[in-house]
Amino acid sequence: MADEERHLIEAGQHGDVEAFNQLVRLYEGRVYNLCYRMLGDSDSAADASQETFLSAFRNLRRFRGGSFRSWMLRIATNTCYDILRARKRRPAISLDAALATDDTSPHAFDPPDQHESPAEVALRRELGAAIQQGLNHLPEDQRITVILCDIQGRPYDEIARITGTTLGTVKSRLSRGRARLRDLLKAGELLPARYRHEGENHGT
Amino acid sequence: MTANSFQSNLSDDDLLLLSSYIDDQLTPDERNRLEQRLQAEPDLRAELEELRVATMLLRDTPPLVPPRSFTLDPDQARVRRPLLSGWLRLGSALVALMLALTFTGVFIFYGQNMSGGSVAQMEEPAIAPRTFEAAETVGPPGEQGATLNADADAGAAEQAADEAATMSEATEAVTEAEVAEAEPAEPVFVPPTPTAAPTQGAVPRATPALVEPDGVTLAVPEEERTGDMQATAPVPEATGPEALSLTPLPQSPETLGSQTRDLGIPPAPAEPDAPGRPAGLPLVVIALLLVMLLAGAWYVRQRRSRH
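As the structure is a computational prediction, the values presented were derived from the model and not from experiment. (Residues numbered from 1 in each chain as written. Chains lettered and ligands numbered in written order. Predicted model: local features only at pLDDT ≥ 70, side-chain atom pairs only at ≥ 80, totals over all residues. Heavy atoms only, no water.)

Novice: Hey, could you go over the overall build of chain B for me, with residue numbers and the actual values?
Specialist: A tally of helices and strands in chain B yields 14 helices and 0 strands. The secondary structure elements of chain B, listed N-terminal to C-terminal, are α-α-α-α-α-α-α-α-α-α-α-α-α-α. Within chain B, the proportion of its 307 residues that are buried is 31%. When the accessible area of chain B is evaluated, it comes to approximately 19,300 Å², of which 60% is carbon and sulfur surface. (Helix = DSSP H or I, 4+ residues; strand = E, 2+ residues; numbered from the N terminus. Buried < 20%, exposed > 50% of the residue type's maximum accessible area, 1.4 Å probe, protein only. Areas by Shrake-Rupley, 256 points an atom, 1.4 Å probe, with all protein chains shown as cover.)

What follows is the structure in structure tokens.
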């Protein structure tokens, strides 16, 4: 853990909100992306992210060292689980709306690279929407594992700590999640045509 | 989405191997064996390539930009102090526990008192309902009055006597008592000084010339009376109003038993320890409440500790 981050955490543990806000700025992108991929829409993801940081600040005294990033992602994961559980209890929105994604929103992604053509930007958004639709169909435990491993790039042992499971469980969920996502992408032709052709070329 | 038709035929073990192979998580030995299989099995190789593409697409998923900043303002971030601080919570828990114990003690003490005085207190309540029951079985006063007015009609009394030989209901028993007046040879037992006020009015009028103050039936031969008294021995013991039913003496104890059942008279007095039973109930309720309280506190604590 970097010294600066440790100092910020200690200051936050003594009630320094501004110090904690520096930590928020460091992690808000990562937390928001995890929440978005888990929940599937930007409003819910924003609410979950805000709740995550609020909960983290209020429970900062309980942080006993180790990876602060893992601790934050664990809180975010639990917050998402709570929201998904509440959705099941009160299904206020239809299943189609829940499975829909607003990845194609022009403000959803990082600003396009200067060298990217409009066609490439559109393709990137289309890919993001396709991936999100596939993720929405995965069971929650497989979804969080795939997100943490393949989108967030976390190693297996850290995923096990974040999700509170064992290494074997992480491997099993990951293999099943990837296989199911592969099946979904192939079956529903969710992928943009260019990616489908690439996949076919890879397969041959 | 019909993904089933596109599902591979790989086993879970093979899927696990391929997934771990993509992430370079296999041991050297596992890796060598899998690579040998991949060379020999084109289907397995195709599956690996498809999984690799799906993983690559996931890793290429472009990151999203948060729609706003999630920094906290000091007012929002203020830690909500619980309404009761730690020591105060402990104190209130102790007070609650003492209250529960106090109430438990009171209930136990109350229950024991009820058990100790139960015999004396149960005598009166045991009589009252049965008196009422007997009043019901004898019938309304109007009916009795009508029956008594018919005393003068000896012919009717004789006819009633014939019918009463086969009847077992209490209202008819009153008529049967009148028959006994007309035919003194018929054995009749009337209890001494009935105590139940509501039904006494009709009874003494029904047999004014038949019963002596000591309750012994007149004009009954000694041997018959003795036999009848033996046959009805349980009846005088009952101070309750079942004696008010003016039941004609049965011919045998079996007959008596059946008639008693017909009248709906409780066969035995109430158990003296009956009031002591509810004394344990508050203990159980309080114990259940305490267990539920502890379970709730544990659940809330678990939920909070998740964060």
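Novice: Go over the overall build of chain A, please, and point to the residues and values.
Specialist: Per the secondary structure count, chain A includes 10 helices and 0 strands. Listed N to C, the secondary structure of chain A is α-α-α-α-α-α-α-α-α-α in terms of helices and strands. Within chain A, the proportion of its 204 residues that are buried is 50%. For chain A, the accessible surface area stands at approximately 9,400 Å², while carbon and sulfur atoms represent 49% of it.

Novice: Help me get a handle on the packing of helix 1 (residues 12-22) of chain B against helix 2 (residues 28-40) of chain B, residues and values and all.
Specialist: All names here are of chain B. With their axes 11 Å apart at the nearest point, helix 1 and helix 2 run at an angle of 110° to one another. Here helix 1 lies roughly perpendicular to helix 2, going by the angle between them. Here Asp-14, Leu-17, Leu-18 and Tyr-21 of helix 1 lie close against helix 2, whose contacting residues are Arg-31, Leu-34, Glu-35, Arg-37 and Leu-38. For the contact of helix 1 with helix 2, the per-class residue count stands at 5 nonpolar, no polar and 4 charged. (Axes fitted to C-alpha atoms, helices over the stretch in contact; angles between N-to-C directions. Parallel < 35°, antiparallel > 145°, perpendicular 65-115°, else oblique. Contact = heavy atoms within 4.5 Å. Nonpolar A, V, L, I, M, F, W, Y, C, P; charged D, E, K, R; others polar.)

Novice: How would you sum up helix 1 (residues 3-13) of chain A? Please name residues and give values.
Specialist: Residue and element names in this part refer to chain A. Every buried residue of helix 1 is listed here: Glu-5, Leu-8, Ile-9, Gly-12 and Gln-13. Seen from one end, helix 1 has its buried residues packed into an arc of 135°, which puts them on one side. In helix 1, the exposed positions angled more than 90 degrees off the buried face are occupied by Glu-4 and His-7. Lining the buried residues of helix 1 we find helix 2 (17-39), helix 3 (42-58) and helix 4 (68-89). Of the residues flanking the end of helix 1, it is Gly-15, one or two places downstream, whose phi is positive at about 95°. (Arc of directions from axis to C-beta.)

Novice: Outline the nonpolar core, supporting the account with residue identities and numerical values.
Specialist: Ranked by size, the top nonpolar core spans 58 residues in total, and within it Phe-20, Leu-34, Met-38, Phe-53, Phe-68 and Trp-71 of chain A together with Leu-72 of chain B carry the most contacts. Per-element accounting of this core gives the leading share, 13 residues, to helix 2 of chain A. Ignoring sequence-local partners within four residues, the contact set of Leu-34 of chain A consists of Leu-73, Ala-76, Thr-77, Cys-80, Ile-144, Ile-147, Leu-148 and Gln-152 of chain A. Core analysis: the second largest hydrophobic core is formed by 12 residues, Ala-179 of chain A together with Leu-15, Tyr-21 and Leu-26 of chain B among them. (Core = buried A, V, L, I, M, F, W, Y, C linked by side-chain atoms within 4.5 Å.)

Novice: Tell me about helix 3 (residues 42-60) of chain B, and name the residues and values.
Specialist: Taking 1.5 Å of rise per residue, 19 residues should cover 27 Å, and helix 3 of chain B covers 27 Å from first to last C-alpha, within 8% of that figure. Regarding helix 3 of chain B, the residues found buried are Leu-44, Glu-47, Leu-48, Glu-49, Leu-51, Val-53, Ala-54, Thr-55, Leu-57 and Leu-58 of chain B. (Expected span 1.5 Å × (residues − 1).)

Novice: How would you sum up the side chain of Asn-21 of chain A? Please name residues and give values.
Specialist: In this structure, Asn-21 of chain A sits in helix 2. A polar contact is formed between the side chain of Asn-21 of chain A and the backbone nitrogen of Leu-72 of chain B, at a distance of 2.6 Å. Not counting chain neighbours up to four residues away, the residues in contact with Asn-21 of chain A comprise Thr-71 and Leu-72 of chain B. (Polar contact = N/O pair within 3.5 Å; in protein donor to acceptor, adjacent residues only side chain to side chain.)

Novice: Tell me what's going on with the state of the cysteines, and back it up with residues and numbers.
Specialist: All names here are of chain A. Using the criterion set out here, one finds 0 disulfides over all chains in the structure. Cys-35 carries a free sulfur, and the closest cysteine sulfur to it, the one in Cys-80, is 3.7 Å from it. The exposure class assigned to Cys-35 is buried, which follows from its relative accessible area of 0%. (Disulfide = S-S within 2.5 Å.)

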